[in-house]
Amino acid sequence: MLQASHLHYAYPEAGREHTVLRDVSLSLQAGEHVALVGSSGSGKSTLLNLLGGIDTPASGEIQLTGKVLSRLREPELTLFRRQHIGFIYQQFNLIPTLTVAENILLPLMLLGVAAAEQQRRLHHWLAAVQLPTRGAAFPDQLSGGEQQRVAIARALIHQPALVLADEPTGNLDAKTGALVLDLLFSLAGAAQQTLLVVTHSRTVAERAGRILVMHDGHLHTGEQAMAW
Ligand SMILES: Nc1ncnc2c1ncn2[C@@H]1O[C@H](COP(=O)(O)OP(=O)(O)OP(=O)(O)O)[C@@H](O)[C@H]1O
């Protein structure tokens, strides 16, 4: 469902180019759960941003559910992202002025889903992330683990084909992280969604079906990844 070929990416740095991704290729099968690991600064978040259509590679091609991202122009690219991708971040990234319910509903509002259908899915997802009575709360009234469960509901409510999670347990203690991780893997699994999780945690990586390792801008798979 995702095929990335020969991706290159560089950031401008003091008048020079700082190359972060060098000839990175990968493919993800529909419904697969994959962990992306590697040392700090190796380019994991950068790769996630390219795969999610938030940023554009200098060269190379990304095909997602049959569409080549670089051939999409605004506003099609934004619409494609809203329909097919869900993001989960280490810092939760909830909107502090919106309630839990409003945060979860954002993707459906942006897609123009009918109000009755929004409410039906909201009830389902509040229950799915074990926060059935917290819809009217604001993010700062929730614990970190609860906020990340809201972020999971927001990332999955529009049934995206691809879920990208950048260190989803990085801000949580081990016990809370394990609960959040269980929810993320089981909900994405039930919906047969493809899940790519960036992590520094061996426990998280071992939950995935496959591990990819970023090292010095290159992506290692299979046997090479086993050494991680
Ligand atoms: N906006 C930016 N401008 C310039 N350089 C950047 C920018 N964002 C990231 N970088 C650099 O690109 C490299 C890769 O960063 P990236 O965030 O992708 O790494 P990472 O593997 O996700 O790291 P971590 O595990 O610490 O989150 C780093 O050297 C970083 O300093």
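Residues numbered from 1 in each chain as written. Predicted model: local features only at pLDDT ≥ 70, side-chain atom pairs only at ≥ 80, totals over all residues.

- The name an unreviewed UniProt entry gives the chain is ABC transporter ATP-binding protein, with Thiothrix subterranea as the organism.
- According to its UniProt record, the chain has this under Sequence similarities (unreviewed entry): "Belongs to the ABC transporter superfamily. Macrolide exporter (TC 3.A.1.122) family." (UniProt positions renumbered as here; feature names shortened; annotations may be inferred.)

## A few points about unusual backbone geometry
Move 1: Going from Glu-74 to Pro-75, the amide bond is cis rather than trans, its omega being 5°.
Move 2: Counting through the fold element by element, Pro-75 comes out in the loop between strand 5 (67-68) and helix 2 (76-84). (Helix = DSSP H or I, 4+ residues; strand = E, 2+ residues; numbered from the N terminus.)

## Focus: the pairing of strand 4 (residues 59-64)
For a regular strand, side chains alternate in direction, first toward one face of the sheet and then toward the other.
Move 1: Bridge analysis of strand 1 (residues 2-13) against strand 4 gives five bridges, and the strand direction is antiparallel. Bridging from a neighbouring strand, His-8 pairs with Ser-59 of strand 4.
Move 2: As paired elements, strand 4 and strand 5 share two bridges and run antiparallel to each other. Pairing of Gln-63 across the sheet is with Val-68, part of strand 5. (Pairing = 2+ DSSP bridges.)

## As for the nonpolar core
The nonpolar side chains of a soluble globular protein tend to be buried with one another.
Move 1: In this structure, Leu-36, Leu-51, Ile-152, Ala-153, Val-163 and Leu-164 are the most contacted members of the largest nonpolar core, which totals 61 residues.
Move 2: When residues no more than four places from it in sequence are discounted, the contact partners of Ile-152 are Ile-88, Val-129, Leu-183, Leu-184 and Leu-187. (Core = buried A, V, L, I, M, F, W, Y, C linked by C-beta atoms within 7 Å. Buried ≥ 20, exposed ≤ 12 C-beta atoms within 10 Å, placed from the backbone. Contact = placed C-beta atoms within 7 Å.)

## Observations regarding the site of the ligand
Move 1: Every residue near the ligand is listed here: Tyr-11, His-18, Val-20, Gly-38, Ser-40, Gly-41, Ser-42, Gly-43, Lys-44, Ser-45 and Thr-46.
Move 2: Only strand 2 (16-28) and helix 1 (44-51) provide two or more residues apiece to the shell around the ligand.
Move 3: In terms of residues, the shell around the ligand owes the most to one element, helix 1, which gives three residues. (Near = placed C-beta within 6 Å.)

## Digging into the packing of helix 3 (residues 100-111) against helix 4 (residues 115-128)
Move 1: For the pair helix 3 and helix 4, the least separation of the axes is 10 Å and the interaxial angle reads 125°. With respect to each other, helix 3 and helix 4 are oriented oblique. At the point where helix 3 passes helix 4, the crossing takes the right-handed sense. Touching Ala-101, Ile-104, Leu-105 and Leu-108 of helix 3 are Gln-118, Arg-121, Leu-122 and Trp-125, all from helix 4.
Move 2: Here the residues of the contact of helix 3 with helix 4 sort into six nonpolar, one polar and one charged. (Axes fitted to C-alpha atoms, helices over the stretch in contact; angles between N-to-C directions. Parallel < 35°, antiparallel > 145°, perpendicular 65-115°, else oblique. Left-handed = near helix turned anticlockwise from the far one by under 90°. Nonpolar A, V, L, I, M, F, W, Y, C, P; charged D, E, K, R; others polar.)

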